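# Structural overview
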Amino acid sequence: MARNLVLLTLATTVLVVQASNIGFRKLWNTLNPISEQVQLPRNVVEAFITQRLDNFDPTNDNTWQQRYLINGEFWAPGGCIFLLLTGEWGATADRLQNSMMYEMSRQFQCYMVYLEHRYYGQSHPTEDISNENLRYLNVEQVLADIAHFVEHIKLESVTPGARDSPVVVLGRRYAGSLAIWFRQSYPFLTVGAWSSSSPTQSVVDHFQYKELGGAVYRHVGGVECYNRIEGGFAAMEHMIATGRNEDLAAMFHICNEITSQDVQFFFQAMSDFYSSLTQFERATDIGDVCDTILSNETLSDIEALAQFIIDRLDGQCIDLDYEQAIADTRQTNWNDSAVVPGDRQLMYQHCSQLGWYQSSRSRFQPFGSSFSVEHFFRICADIFDELFSPDVMLENADRFNTAFGGVTPGASNVLYIHGQFDPWRTIGVQNVDNDSTVVIVIEGASQSSDIGPITEADSDAVVEAKETIIETIRSWIQTTPK
């Protein structure tokens, strides 16, 4: 059964969506490819560092092993260290072989290191991830892990000759957020940070995500495409309002009956599917989506939207059973289906600190009005035994922004790179008054188009952004005292 769409909704964000279902996993991987490489190439070495479970309690001496990968094939004295961070995924060798970082490492003769995030991949700090053990999963602990790791990678036994090398920290999506917050919190350990498509503001109701997602369809595909989507969602809502749940489930190949408790789940999932396309696809691809859903004039709006999803899933049904999804995400063993890809861990971070729930609150978007922020409050309560009440979640978001600055962090030497069509930029840094920082919104680009090496497929705007990144990082490295 196609359970991936269920977990997409549970994650409440398309920073990343992991899932246990084969059918929707296939679709998600086409949008958000992350290598699952098993065997490491010769130039990449796997290693581990011993970290403390609680970096802030001197009486807690529990430790764990944090995994990282390192590639030193281009290193020469005088080079830098690129420290790439993972977010809610495990570290693989792909970015250490094919990326802008890789090309700059060749040019600047640098080490490349890829550090795995506590609680994700193979970096397991506790025996399980019960509610009690998840209390060690927060941004402050992660940043302290990175700080201790920077000292570790400069050891002669780890990176010979690099003790005084400047460190550039980087990441994409949530990992890029960590890079910004690390530069802000530990400026003496790094010369600069490069963040790609990264939000920085904790906000419980990120309704702007749907607004920009809809605006992209209007901008690229025209008002007809926008109206097609808006009309399709209005028709879905009408079917629910008139009791035609069974017909709606059949139309969209939903495996289960759409019960009253599944309704908001269904609409969030359908909305996430279409809005996530704007996050990951190029403008030409969004144009193709619009061409496809507009191509058959004999189909109604709702039929066109349903047929597009069915075709992308090769006809497999979509499991949207809310109760089962909650049960899956309450699992606490490291080998459980919602734990291996990081779904439970990521939900904990959303509920406890980050927020980033994408509701249908705004009327300036085409995805209907059937999934409120209260829907996400309910999800957090159902998974974590009401550990986080709405008031606590709102207060935690405010406290987080006080600590890290929201969309006005105080970090220097930061590259803030966004794609024009990436909905996450609505809660990212887009304006700065610091001469040492650079903000680029790449025209016509979606998420993390700056991460790969320069290719002939890049637009002029993408190439210009990448060249600015190279020259900015060059200046950081060259001005570092030797």
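Shown above is the structure to which this text applies.
Here the structure is a predicted model, which is why all the values come from computation and not from measurement.

## Looking at the overall build of the protein chain
Looking only at helices and strands, the protein chain features 15 helices and 10 strands. Here the C-alpha atoms of the protein chain give a radius of gyration of 22 Å, agreeing with the 23 Å that 2.2 N^0.38 yields for 482 residues. Taken over the C-alpha atoms alone, the protein chain extends approximately 70 × 50 × 45 Å along its principal axes. A buried classification covers 61% of the 482 residues belonging to the protein chain. A total accessible area of about 18400 Å² is found for the protein chain, and carbon and sulfur atoms account for 47% of it. Across the protein chain, the 31 positively charged side chains and the 61 negatively charged ones have centroids separated by 5 Å.

## Quick word on the state of the cysteines
For the structure on display, the rule yields 4 disulfides. Here Cys80 is linked by a disulfide to Cys110, with a sulfur-sulfur distance of 2.3 Å. Of note, the bridge from Cys80 to Cys110 carries an S-S torsion of about 110° and is right-handed in sense. One end of the pair, Cys80, is in the loop between strand 2 (63-71) and strand 3 (81-85); the other, Cys110, is in the loop between helix 3 (100-108) and strand 4 (111-115), with 30 residues separating them in the sequence. Taking the relative accessible area as the measure of exposure, Cys110 reaches 0% and is therefore buried. Residue pairing for Cys255: its cysteine sulfur links by disulfide to Cys317, the two sulfurs lying 2.0 Å apart. Taking the sign of the S-S torsion, about 95° here, the bridge from Cys255 to Cys317 comes out right-handed. Of this pair, Cys255 sits in the loop between helix 7 (245-251) and helix 8 (263-280) while Cys317 sits in the loop between helix 10 (301-312) and helix 11 (322-329), placing them 62 residues apart in sequence. Given the relative accessible area of 29%, Cys255 is considered partly exposed.

## A short note on the pattern of salt bridges
What the rule picks out here adds up to 14 salt bridges. A salt bridge links Glu116 to Arg67; the shortest N-O distance between them is 2.7 Å. With a gap of 49 residues between them, Glu116 in the loop between strand 4 and helix 4 (139-153) and Arg67 in strand 2 connect regions that are remote in the sequence. Of the two residues, Glu116 and Arg67, neither departs from the other in class, the shared state being buried. Across the pair Asp301 and Arg228 runs a salt bridge whose closest N-O atoms are separated by 2.9 Å. In this pair, Asp301 sits in helix 10 while Arg228 sits in helix 6 (residues 208-241), placing the two residues 73 residues apart along the sequence.

## Looking at the packing of helix 5 (residues 174-185) against helix 14 (residues 390-404)
Where helix 5 contacts helix 14, the axes come no closer than 11 Å and their chain directions differ by 55°. Overall, the two elements helix 5 and helix 14 adopt an arrangement that is oblique. On helix 14, the residues touching Trp181, Gln184 and Ser185 of helix 5 are Phe400, Ala403 and Phe404.

## A short note on helix 12 (residues 343-354)
Owing to its 3.6 residues per turn, the α-helix aligns residues three or four sequence positions apart on the same side. Of all 12 residues that make up helix 12, 12 are buried, and the element is covered over most of its length. The first or second residue beyond helix 12 is Gly355, which carries a positive phi of 70°.

## Some details on the pairing of strand 4
The side chains of a regular strand alternate, first on one face of the sheet and then on the other. Burial analysis of strand 4 places 5 of its 5 residues in the buried class, the great majority of the element. Examined bridge by bridge, strand 2 and strand 4 share 4 bridges and lie antiparallel to one another. Its bridge partner lying in strand 4, Leu69 is registered against Tyr114. Where strand 3 and strand 4 come together, 5 bridges link them in parallel fashion. In the strand pairing of strand 4, Leu84 is matched with Tyr114.

## Describing the side chain of Asn256
Considering the arrangement of structural elements, one finds Asn256 in the loop between helix 7 and helix 8. Judged by relative accessible area, which is 15%, Asn256 ranks as buried. Separated by 3.5 Å, the side chain of Asn256 and the backbone nitrogen of Asp321 make a polar contact. If we skip the residues at most four places from it in the chain, Asn256 touches Ala249, Asp262, Ile318, Asp319, Leu320 and Asp321.

## Quick word on the packing of helix 8 against helix 10
Running from N to C, helix 8 and helix 10 cross one another at 75°; their axes reach a closest spacing of 12 Å. The orientation of helix 8 relative to helix 10 falls into the category roughly perpendicular. Only Ala304, Leu305, Phe308, Ile309 and Arg312 of helix 10 make contact with helix 8, whose side of the interface consists of Met270, Phe273, Tyr274 and Leu277. Among the residues forming the contact of helix 8 with helix 10, the class breakdown is 8 nonpolar, no polar and 1 charged.

## Some thoughts on the nonpolar core
Proteins that are soluble and globular tend to have nonpolar side chains buried together. Ranked by internal contacts, the top residues of the largest apolar core, which has 81 residues, are Phe82, Leu83, Trp181, Trp194 and Ile473. Examining the composition of this core, we find that 9 residues originate from one element, helix 4, more than from any other. Those residues in contact with Ile473, other than ones at most four positions away along the chain, are Phe82, Met104, Phe108, Val168, Trp194 and Leu415. Ranked by size, the runner-up nonpolar core spans 38 residues in total, among them Phe273, Tyr274, Ala306 and Ile318.

Analysis parameters
- Residues numbered from 1 in each chain as written.
- Predicted model: local features only at pLDDT ≥ 70, side-chain atom pairs only at ≥ 80, totals over all residues.
- Heavy atoms only, no water.
- Helix = DSSP H or I, 4+ residues; strand = E, 2+ residues; numbered from the N terminus.
- Rg over C-alpha atoms; globule rule 2.2 N^0.38 Å.
- Buried < 20%, exposed > 50% of the residue type's maximum accessible area, 1.4 Å probe, protein only.
- Areas by Shrake-Rupley, 256 points an atom, 1.4 Å probe, with all protein chains shown as cover.
- Lys, Arg positive; Asp, Glu negative; His and termini not counted.
- Charge placed at Lys NZ, Arg CZ, Asp CG, Glu CD.
- Disulfide = S-S within 2.5 Å.
- Salt bridge = Lys/Arg side-chain N within 4 Å of Asp/Glu carboxyl O.
- Axes fitted to C-alpha atoms, helices over the stretch in contact; angles between N-to-C directions.
- Parallel < 35°, antiparallel > 145°, perpendicular 65-115°, else oblique.
- Contact = heavy atoms within 4.5 Å.
- Pairing = 2+ DSSP bridges.
- Polar contact = N/O pair within 3.5 Å; in protein donor to acceptor, adjacent residues only side chain to side chain.
- Nonpolar A, V, L, I, M, F, W, Y, C, P; charged D, E, K, R; others polar.
- Core = buried A, V, L, I, M, F, W, Y, C linked by side-chain atoms within 4.5 Å.

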